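Summary of the model geometry
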2 protein chains.
Amino acid sequence: MHALDDGISRWRRVADAIRADIASGVIAQQLPPEVELAERHGVNRHTVRRAIAALSTEGLLRAERGRGTFVNAQPPRVIYPIGERVRFRENMMKQSIEPSGRLIGAERVAADARQAAQLNVAVGAPLHRLERLAVVDGMPMSRSTSLFSAERFPDIISAYAETGSITQALQKSGVSDYRRRETRITAERVSPNDAELLQCASDAIVLISNAVDVDMEGKPVQSVRTRFLADRFELSFKPEGD
Amino acid sequence: MHALDDGISRWRRVADAIRADIASGVIAQQLPPEVELAERHGVNRHTVRRAIAALSTEGLLRAERGRGTFVNAQPPRVIYPIGERVRFRENMMKQSIEPSGRLIGAERVAADARQAAQLNVAVGAPLHRLERLAVVDGMPMSRSTSLFSAERFPDIISAYAETGSITQALQKSGVSDYRRRETRITAERVSPNDAELLQCASDAIVLISNAVDVDMEGKPVQSVRTRFLADRFELSFKPEGD
DNA sequence: AAGGATTTGTTCGTATGTATA
DNA sequence: GTATACATACGAACAAATCCT
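Residues numbered from 1 in each chain as written. Chains lettered and ligands numbered in written order. Predicted model: local features only at pLDDT ≥ 70, side-chain atom pairs only at ≥ 80, totals over all residues. Heavy atoms only, no water.

1. Describing the pattern of salt bridges
Residue and element names in this part refer to chain A.
- Counted according to the given criterion, the structure contains 32 salt bridges over all chains.
- A salt bridge links Arg 49 to Glu 34; the shortest N-O distance between them is 3.0 Å. Taken together, the positions of Arg 49 in helix 3 (residues 45–57) and Glu 34 in helix 2 (residues 34–41) put the pair 15 residues apart, joining distant regions of the chain.
- Taking relative accessible area as the criterion, Glu 34 reaches 16% and is therefore assigned buried.
- Several salt bridges converge on common partners, so that one network encompasses Glu 107, Arg 129, Glu 131, Arg 143, Asp 194 and Arg 227. (Salt bridge = Lys/Arg side-chain N within 4 Å of Asp/Glu carboxyl O. Helix = DSSP H or I, 4+ residues; strand = E, 2+ residues; numbered from the N terminus. Buried < 20%, exposed > 50% of the residue type's maximum accessible area, 1.4 Å probe, protein only.)

2. Things to note about the UniProt feature "domain: HTH gntR-type" (unreviewed entry) in chain A
- Those places that UniProt annotates as "domain: HTH gntR-type" (unreviewed entry) correspond, in this numbering, to residues 8–74 of chain A.
- Here residues 8–74 of chain A runs as 52% helix and 12% strand, with 29 Å between its end C-alpha atoms. (UniProt positions renumbered as here; feature names shortened; annotations may be inferred.)

3. Some words on the relation of the copies chain A and chain B
- Each copy superposes on the other: chain A lies on chain B with an RMSD of 0.7 Å after a rotation of 180 degrees and an axial shift of 0.6 Å. In short, the pair behaves as if placed about a two-fold rotation axis. Proximity to the rotation axis, assessed at the C-alpha, singles out Ala 187 of chain A in chain A; its C-alpha lies 3.2 Å from the axis.
- Here 100% of the contact residues of chain A are again contact residues in chain B; the copies associate through an equivalent surface. (Least-squares fit on C-alpha atoms with pLDDT ≥ 70 in both. Contact = heavy atoms within 4.5 Å.)

4. Quick look at unusual backbone geometry
- For Asn 120 of chain A, which is not glycine, the phi torsion reads 60 degrees and is therefore positive.
- Structurally, Asn 120 of chain A is set in the loop between helix 5 (113–119) and strand 5 (126–136).

See the structure below:
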């Protein structure tokens, strides 16, 4: 029973058929309802749902309860430069994008081994953790978690809350300028918490940038871990600058 | 019916319970069978499977038919520097890793608009496309697709096949040295073709580096798109060099 | 080596919950 | 409020891969 004409499961063939229909333009924006797709392909509704789930994981489809299932438009990615001088506001404004940051939360934590090494403090030293959400045109763009030595920057939280800018908050704390020492990039699936804040699918991919900023004497100032939605961003590194 | 004590669906709570059991060490390597988990949590087997599917998508679990469901070990990521001088072999050997490249295929193609702009050739100009697979200790690490102007580098394919190195192949073609002009990084789900070659799950994440190399006069030499498995790599950018 | 037991994968059926139009 | 459409959940059966005797 459950005839498999060629060893390919039915939901996979239904998924391939839907993918082909989208590629050929037969389906443009919205999929027919699940029951109709089930009839059309001669399978149970569950089988259609399995296919849609797979295509959603691929990022091709997006199902909305009560509304329908839609083909995801793939907007061009915003180019985000990474380099010695990294200023979110400056970078975005070069591309005619008006950014705004939002303070999600702040907390006092103790440094673990990795954080201690990055910030050149003792393990267990007090840190200020700053949780931020960058928003562009009302659309959440990235989540970042910044860490500062609480001993060196006791008032960084209130300074950021006042100015809304890391650069200005550091200036208030006596750091006139800073530069990036190292940026490490990897990618993971978005965490449930970030998925909610970034208003993305729960299985979206985030680019993770883990960076350390140092002041002009080379002393570590900030350790920051930023999560960019991978389908909205492209990180750009140019050796010579633009 | 189907009492939702707190508005969280059952499969999600089962997933959270399993995640917690793994974090606390109650489950170390292998999960109990689905039927047993279903009994233990008082739900249907389908509900357990939905939870396991979610955790598999997160990369935490890996189900093998006939064998069981296992906790994925998360090996430390290899650090891959990106900068002006990028030489795969040199980079890997610094971390005591002995690399080897494998030529997957080569083809003559016509430049599309994007490629033409990157390589500074006319749209439709002939290009050599070089498909490679980088292997470390028998483990596939990255897939890359290189593009060269076929007019400027007519013999690049055979030169690479002989030497097994892009750097040496370019030297044979009269490019004594080259540097990276720009690297753009994003992330996507792995393509089915790459998944097979990289021997990874079909829903794995790849870091995609799209780069242009130029010779010492600044003329474009190579456009290369490399796919790194995100759970095996971390890309590192240091402004000043190491 | 053969065959039964175990375990995950697929497919159907049915019912109910929840959000949207 | 009703109808539509996706989401969750349970039950049953069989397929396919692996393991064990």
